[in-house]
Amino acid sequence: MESPSPAVSAGLQAAPLPVETSTAGYPGIIPERDGAGMSESGQEKQLRLGFLETIEIDGRGHIGGLLVTNHSGRPLEFQCTTPVRPNRTQEILFGETLRPWLLGELIGSTLLERVSIKPGLVITSDPSLLELQNHTTIPVALAEAQNDAAAHSLAGDEAASAAVPATRCVRVGNSLLRFHQGHNRNAESLERQQHLVPESANLQEPLERVREALAETVRTVFSR
Amino acid sequence: MTSSPEADATAADATAADVQTVSVETLSLFSQTPTVSIGQTGFNPALNRAPVPGTVDIPLELRVDYVPAWKPRRIPLKCIGLTLPDGLEFVPEKQPQLKSADGVELRPIRPPRAQPEDAEKQRPERCTRIRPPADALSLQDRLFYLLQPPLESWLAGQELIMPFEPFSYQYEGIAWLFSSQSALLADEMGLGKTMQTITALRLLLRSGQVRRILLCCPKPLIPNWQREFRTWAEELPVVTVEGNGARRQMLWQMPGVPILIANYELVTRDFTEMHEDQQPRFDLVVLDEAQRIKNRDSNTAKVARAIPRRRSWALTGTPIENRPEELGALFEFMQVVPPHGCPDMRQLSRLAGKYILRRTKDLVMQDMPPRIDRDAELPLTSAQEAAYRIAEKEGVIQLNELGDSISVQHVFELVLRLKQITNYDPLTGESAKLERLVADMEEIAASGGKAILFSQWTKTIDWLEPRLRQFNPLIYHGGVPVKRREPILAKFKEDPDAHILLMSYGTGAVGLNLQFAGYVFLFDRWWNPAIEDQAINRAHRIGVRNPVIVTRFISSNTIEERIDRVLREKRELFEAVLGDGSGEPSRSLSLNASEIFGLFDLKARHKDGARSIGPAAVEEEQEAA
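Residues numbered from 1 in each chain as written. Chains lettered and ligands numbered in written order. Predicted model: local features only at pLDDT ≥ 70, side-chain atom pairs only at ≥ 80, totals over all residues. Heavy atoms only, no water.

### Structural notes on the overall build of chain B
Across its full length, chain B carries 23 helices and 18 strands. Counting the 625 residues in chain B, one finds 49% classified as buried. Taking the contacts inside chain B whose residues are at least 6 apart along the sequence as the reference set, 74% of them involve residues at least 24 apart. Entry remark: accessible area of chain B is about 33,000 Å², with carbon and sulfur atoms responsible for 53%. (Helix = DSSP H or I, 4+ residues; strand = E, 2+ residues; numbered from the N terminus. Buried < 20%, exposed > 50% of the residue type's maximum accessible area, 1.4 Å probe, protein only. Contact = heavy atoms within 4.5 Å. Areas by Shrake-Rupley, 256 points an atom, 1.4 Å probe, with all protein chains shown as cover.)

So this is what it looks like as structure tokens:
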């Protein structure tokens, strides 16, 4: 009689994929249960992260991309827009608010509507994209490396601060997240969830992935 | 007709007065004095009636009829989407349930993280990104690779725990494998091909790119792979195909097993017996020690090529064991050349650049302790010398008498006979090599060191064992049952009194990690320098902390010196071929018939004296010389 191999006898089996449930306000955040760190099924609660970036294509306008990852940066879904360029009327009438409207409201909202896996938090590096916060209930935050934030703070970099209409900071992973003025409630909400993202997580890095993916899309599709 | 200016002016005034009168009359319709002067035409008496003024209510317009308008509106945008495949999730380990005496559930807490040293803080963060392969054409395929996180963050702190931090070249290897449909990882022995492969498999499984993998390796290496999987990817379920036919059939068809390990012989036998429709399909087939399929007409090679699969990887430290054409067989398995395709050197070189990743220790492990090679040229003992000379003389005479019927087999037998005598004299048991070995081993054992000895013959190993009793020798060769081999290696590693491991080239040269041994003895020489290097690299590999001293025993004034000379030339050729691909390798790296004949000066009797005999090449070379 052959003895079973060690791996078989260890009883290791592929498990069904865990299903994450959604809440109304924050679709990516699995609701806490009894305040415990581990749910009944043994799976940890997760915070899905959305990384939103735009790039400008010479003469063709802007394209935007939204990457939804799990709490540790593994990609789940990616959406990007076709190029969009404001016309002259829009340029005149929107004036200084053109960029926030174009990037935040138009591109950001479209992408957020299109992703089937909704993030629990949207992170960007472009202050103009914070405008998206006025059109969604999902918290939108501006990521700054802690070193940058400290440098701004020490140098009293008013110009940099003025460009960021954000106020309260929350530390998630190795980044400081700033939120849109008037949406401090989001910061409070995130403070309760920040432990779901590993301390070592680099929230700047996925934004770089989005920029690369957008550049690849431009090269592959829109440059034809 | 003429008119004076005064007359013209009068006429003009009169006309203006008429017009003025009508205008005044018209305007006066709305005045209080409706004095109307009507021309006496007699046709319209109604005009003599006084008009009756009245009022009509006209509602005021709230907005003007036309205003140029513009309203901001959402411009519909098109989107391009990519949903990444789900990866495999595994049953999480059961967390220990901690409860205090009063039944309150306790939760383990972690200590605060240590503050990194200043130097560590300043160290730039390494970032190895996965690049899309050149043959990935669709945007979705390319985005899939681009959107994966850097390997460092994927592996290190977050989801996948690694027992040790990989070296940067290993990260590059993992990323390269991950994005390769067809790949030949040909890193020099000891650089961690196993670990890179396991980690790439792990990432592919976790990212949902593959779900079923077959790993095919030589039978003695199966325990090694099992151990490495436990070390580097403990969560991966691995099943070894073994047992009787019915059990193996069950294992081949068993669903939900991500990784199957099987040896070449079983794969060949089982797939040959299975009908094509019954053959299991794999997302990835990995061939370890892939030089096993270098002969493309062998059953093993045919079966390996026929396994239904999507990706094909090959692993070997010696992609060219004998001649460059062997690469063609590997490329055929990798499905980058058509069946029976024979790429020429230029094509091979181009394919190698695309599908082979090879790094050498010199390039990637500059801080690795060196390997110190030393040749021990030993004169034979008097008994050995006598036996050797008699055997050589008689052997050459017998070969000469064979004349033109001589074959390489005849010469080969003589070579083997002479080599055995250089190891020890079968009559008296005298051995210059043994004397030197014992002397060296006394020093090594006194300092608590460990050594590995390789020989071509199990008979020599068995002969050595009782003579090295004081060093507690362990034996590892093809005669040792597979189940007993792992405990032997474990004992060699853990028992401080076990100072020497006696191994055969055939069994011990590949796949073993023995980097705790600081000394390697080559008791006799193998025919191929690549195999010798594989053997040496059991000890000189990643993780080695001290220099590895390699001692080659060469009996002076014997055939071993001649073999050593040829092997040196071969080694130079080998390095030229695999170093930068610029060599012109047209010859076998093993000793070929010409070279074996060339070890002796063989002459056939001839009516005019004697003439050289052997394969044509020898004669031609001699003539050319």
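### Examining the overall build of chain A
Counting its secondary structure elements, chain A contains seven helices and seven strands. Secondary structure of chain A in N-to-C order comes out as α-β-β-β-α-α-β-β-α-α-β-β-α-α. Sequence separation of at least 24 residues holds for 56% of the intrachain contacts in chain A that already meet a minimum separation of 6. Of the roughly 10,300 Å² of accessible surface on chain A, 49% is carried by carbon and sulfur atoms.

### Things to note about the side chain of B:Ser431
All names here are of chain B. Relative to the helices and strands, Ser-431 is located in the loop between α15 (408-423) and α16 (432-446). Note on Ser-431: relative accessible area 3%, which makes it buried. Separated by 2.9 Å, the side chain of Ser-431 and the backbone nitrogen of Leu-434 make a polar contact. Aside from chain neighbours lying at most four places away, what touches Ser-431 is Thr-381, Gln-384, Asn-423, Tyr-424, Trp-463 and Phe-523. (Polar contact = N/O pair within 3.5 Å; in protein donor to acceptor, adjacent residues only side chain to side chain.)

### Examining the confidence of the model for chain A
On average, residues of chain A carry a pLDDT of 73, and 69% of them reach 70 or more. For the stretch residues 153-163 of chain A, pLDDT sits under 50, and the model shows three contacts to residues farther than four places along the chain or on other chains. (pLDDT = per-residue confidence, 0-100.)

### Examining the environment of B:Thr199
Residues and elements named next belong to chain B. Looking at the element boundaries, Thr-199 is found in helix α6 (residues 193-206). Assessed through its relative accessible area of 0%, Thr-199 is described here as buried. With 21 residues separating them in the primary sequence, Thr-199 and Phe-178 have C-alpha atoms 9.0 Å apart. For Thr-199, the side chain forms a polar contact with the main-chain oxygen of Met-195, separated by 2.8 Å.

### Quick look at the nonpolar core
By size, the foremost hydrophobic cluster in this structure holds 74 residues, and its most contacted members are A:Leu177 and B:Phe229. A total of seven residues in this core trace back to one element, the largest contributor, which is α6(B). Among residues more than four places away in sequence, those in contact with A:Leu177 are A:Leu121, A:Ile123, A:Ala141, A:Leu142, A:Ala143, A:Arg168, A:Cys169, A:Val170, A:Val172, A:Leu190 and A:Leu203. (Core = buried A, V, L, I, M, F, W, Y, C linked by side-chain atoms within 4.5 Å.)

### Observations concerning the pattern of salt bridges
Residue and element names in this part refer to chain B. Applying the stated rule across the entire model yields 32 salt bridges over all chains. Between Asp-440 and Arg-436 there is a salt bridge whose closest N-O contact spans 3.3 Å. Pair noted here: Asp-440 and Arg-436 are both in helix α16, with a separation of four residues, about one helical turn. With a relative accessible area of 26%, Arg-436 lands in the partly exposed category. One network of salt bridges, with partners in common, ties together Arg-371, Asp-373, Asp-375, Asp-533 and Arg-552. (Salt bridge = Lys/Arg side-chain N within 4 Å of Asp/Glu carboxyl O.)

### Details of helix α6 (residues 184-193) of chain A
All names here are of chain A. Among all positions of α6, only Asn-186, Ala-187, Ser-189, Leu-190 and Gln-193 are buried. Looking straight down α6, one finds its buried side chains confined to an arc of 165°; they lie on one side. In α6, the exposed positions angled more than 90 degrees off the buried face are occupied by Arg-185 and Arg-192. (Arc of directions from axis to C-beta.)

### A look at a nonpolar patch on the surface
Taken together, the side chains of A:Ile92, A:Leu93 and B:Trp70 define a hydrophobic patch exposed on the protein surface, amounting to about 310 Å² of accessible area. Inspection of the secondary structure puts A:Leu93 in helix α2 (residues 88-94). (Patch = residues over 30% accessible without salt bridge, like charges linked within 9 Å, V, L, I, M, F, W, Y side chains within 5 Å.)

### Let's talk about the state of the cysteines
Summed over the entire model, instances satisfying the criterion amount to zero disulfides over all chains. Looking at A:Cys80, it has no disulfide partner, and the nearest cysteine sulfur is the one in B:Cys79, 7.4 Å off. Looking at B:Cys79, the relative accessible area reads 16%, which means it is buried. (Disulfide = S-S within 2.5 Å.)

### Observations regarding the packing of α6(B) against helix α7 (residues 222-232) of chain B
Residue and element names in this part refer to chain B. Orientation of α6 relative to α7, taken along the N-to-C sense of each, is 60°, at an axis distance of 10 Å. With respect to their mutual orientation, α6 and α7 come out oblique. Taken as a pair, α6 and α7 cross one another with a handedness that is right-handed. Taken together, the residues of α7 that come into contact with α6 (itself represented by Thr-194, Met-195, Thr-197, Ile-198, Leu-201 and Arg-202) are Trp-225, Glu-228, Phe-229 and Trp-232. Considering only residue class, the contact of α6 with α7 consists of six nonpolar, two polar and two charged. (Axes fitted to C-alpha atoms, helices over the stretch in contact; angles between N-to-C directions. Parallel < 35°, antiparallel > 145°, perpendicular 65-115°, else oblique. Left-handed = near helix turned anticlockwise from the far one by under 90°. Nonpolar A, V, L, I, M, F, W, Y, C, P; charged D, E, K, R; others polar.)

### Describing the packing of aromatic side chains
In this structure the tally under the stated criterion is 14 aromatic pairs over all chains. An angle of 20° between the planes, with centres 4.3 Å apart, marks the rings of A:Phe94 and A:Trp101 as stacked. For A:Phe94, a relative accessible area of 14% gives the class buried. The exposure class assigned to A:Trp101 is buried, which follows from its relative accessible area of 6%. Here the aromatic rings of B:Phe492 and B:Phe516 are separated by 5.5 Å at their centres, their planes lie at 50°, and the arrangement is tilted. Here B:Phe492 is found in helix α18 (residues 482-494), whereas its partner B:Phe516 is found in the loop between α19 (505-508) and β15 (519-522), with 24 residues between them in sequence. (Phe/Tyr/Trp six-rings, centres within 6.5 Å; stacked < 30°, edge-to-face > 60°.)

### A word on the pairing of strand β4 (residues 182-185) of chain B
Residue and element names in this part refer to chain B. The alternating pattern of β4 places Ser-182 and Leu-184 and Ala-183 and Leu-185 on opposite faces, both of which are buried. Bridging between β4 and strand β9 (residues 309-315) involves four bridges; their strand directions are parallel. Counted as the bridge partner of Ala-183 is Trp-313 from β9. Across two bridges, the pairing between β4 and strand β10 (residues 356-357) is parallel. Bridged to Leu-184 within β10 is Ile-356. (Pairing = 2+ DSSP bridges.)

### A word on helix α17 (residues 458-467) of chain B
All names here are of chain B. For α17, the full list of buried residues reads Thr-460, Ile-461, Trp-463 and Leu-464. One face of α17 carries all of its buried residues, which in axial projection span an arc of 165°. Contacts from the buried residues of α17 go to α15, α16, β12 (451-455), β13 (474-476) and β14 (500-504).

### Some details on the sheet that holds β10(B)
All names here are of chain B. Ordered by their spatial adjacency, seven strands build an open sheet running β6-β7-β5-β8-β9-β4-β10, and the pairing between neighbours is parallel. One side of each edge strand has no neighbouring strand; the edge strands of this open sheet are β6 (238-240) and β10. With five bridges connecting them, strand β5 (residues 213-217) and strand β7 (residues 259-263) associate as parallel partners. Its bridge partner being in β7, Leu-214 is matched across the sheet by Leu-260. Sitting on the sheet, α6 is in contact with β4, β5, β7, β8 (282-287) and β9, with an inclination near 160° to β9.

### Here's the deal with the confidence of the model for chain B
On average, residues of chain B score 77 in pLDDT, and 74% of them reach the 70 mark or higher. Contacts from residues 90-96 of chain B, a stretch scored under 50 in pLDDT, to residues over four places away or in other chains number eleven contacts.

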